[in-house]
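# Reading the structure
Single-letter residue listing:
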Amino acid sequence: MSSDNKAWTKEQFEAELRGMESHYHIHHPYHTLMNEGKLTKAQLQGWVANRFYYQVCIPIKDANILANCPDRETRAKWIQRIMDHDGHPGDPGGIEAWIQLGIAVGLTREDITSLKYVLPGVRFAVDAYVNFARRAEWHEAASSSLTELFAPKIHQQRLDNWPEHYPWVDQEGYIYFRKRLTEARRDVEHGLAITLDWYKTREQQERMIQILKFKLDVLWTMADAMYMAYIHEMPPYFNIEK
């Protein structure tokens, strides 16, 4: 970053945030292999099963943000994120959609919801994110969600590439990705408005870049754990005789 301590304009600040896309897990080798159709069925199933832990923790993260937020208008908008995942009348929600993705790749509902395949590294990374949201000042916790800036691209990749590369995946499994194309863009608009208004000084803005990097680290670390377990075939304790 520049040694100039002058605050970025909102346009410059947004450009800095969007520039963090280079750290997004779309560039992780696990996702590169996925996008190129090079994962085995078991490797794709491992990703779906582990990512489910992140999915079920997102509404808990958002509930923590709501609990710390004194602003009624913000709460009224932010609560939609919880309903998007947990569901509400007329929409079973993103968590259920992810379960359907798991079934589409050949897992059972119990395989997914039991969390029995969740790797320790994935659990630790997701828990760190939830704990951050619980303890952080609510603006900081809210703005950490801005990895959503980059999410539509990765969802569109899956919609474009999976039918060709993984034709054995049931089409019903793609509902989650389609839902998030719209939801993530809406969430970005709200989260970005909060962020650009709150962080005024250069020091505060650079602090926000570090918060965003932390969230990017969470996602990257999850992929690291899966790469070790399913690509290198070195799951936790692989070298200890059972």
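Residues numbered from 1 in each chain as written. Predicted model: local features only at pLDDT ≥ 70, side-chain atom pairs only at ≥ 80, totals over all residues. Heavy atoms only, no water.

We apply this condition: UniProt positions are given in the numbering used here, feature names are shortened, and annotations may be inferred rather than shown by experiment.
An unreviewed UniProt entry lists the protein chain under the name Pyrroloquinoline-quinone synthase, from Methylobacter tundripaludum. Under Function (unreviewed entry), UniProt gives the following word-for-word description of the protein chain: "Ring cyclization and eight-electron oxidation of 3a-(2-amino-2-carboxyethyl)-4,5-dioxo-4,5,6,7,8,9-hexahydroquinoline-7,9-dicarboxylic-acid to PQQ." According to the UniProt record, the Catalytic activity (unreviewed entry) comment for the protein chain is "6-(2-amino-2-carboxyethyl)-7,8-dioxo-1,2,3,4,7,8-hexahydroquinoline-2,4-dicarboxylate + 3 O2 = pyrroloquinoline quinone + 2 H2O2 + 2 H2O + H(+)".

## Side note on the packing of helix H9 (residues 151-165) against helix H10 (residues 175-198)
Two packed helices can be described by the angle between their axes and the distance between those axes. Keep this limit in mind: Lines fitted to the C-alpha atoms define the axes, with helices restricted to the stretch that makes contact. Angles between their N-to-C directions range from 0 to 180 degrees. Strands are runs of DSSP state E lasting at least 2 residues, helices are runs of H or I lasting at least 4, and numbering of each runs from the N terminus. In this scheme, roughly parallel covers angles under 35 degrees and roughly antiparallel covers those over 145, while 65 to 115 is roughly perpendicular and the rest are oblique. Whether a crossing is left-handed or right-handed is set by the direction in which the near helix is turned from the far one by less than a right angle, anticlockwise for left-handed and clockwise for right-handed. Residue contacts are defined here by distance: any two heavy atoms, one from each residue, within 4.5 Å place the two residues in contact. Classification used: nonpolar for Ala, Val, Leu, Ile, Met, Phe, Trp, Tyr, Cys and Pro, charged for Asp, Glu, Lys and Arg, polar for all others including Gly.
The N-to-C vectors of H9 and H10 enclose an angle of 155°; their axes lie 9 Å apart at closest approach. Comparing the axis directions of H9 and H10 gives the class roughly antiparallel. With respect to the hand of their crossing, H9 and H10 are arranged in left-handed fashion. For the pair formed by H9 and H10, the contact residues are Ala151, Pro152, His155, Gln156, Arg158, Leu159 and Trp162 on the first element and Tyr176, Phe177, Arg178, Arg180, Leu181, Ala184 and Arg185 on the second. Here the contact of H9 with H10 is composed, by residue class, of 8 nonpolar, 2 polar and 4 charged.

## Describing the side chain of histidine 25
What counts, and what does not: Only protein chains enter the area calculation, which uses a 1.4 Å probe; residues under 20% of their type maximum are buried, those over 50% are exposed, and those in between are partly exposed.
Within the secondary structure, histidine 25 sits in the loop between helix H1 (10-19) and helix H2 (29-35). Overall, the relative accessible area of 2% leaves histidine 25 in the buried class. With sequence-adjacent residues up to four places away left out, histidine 25 is seen in contact with His31, Arg51, Ile154, Leu219 and Trp220.

## Remarks on the packing of helix H3 (residues 41-68) against helix H11 (residues 202-231)
Orientation of H3 relative to H11, taken along the N-to-C sense of each, is 145°, at an axis distance of 10 Å. As for how H3 packs across H11, the hand of that crossing is right-handed. Taken together, the residues of H11 that come into contact with H3 (itself represented by Gln43, Gly46, Trp47, Asn50, Arg51 and Tyr54) are Lys215, Leu219, Met222, Met226, Tyr230 and Ile231. For the contact of H3 with H11, a count of residues per class yields 7 nonpolar, 3 polar and 2 charged.

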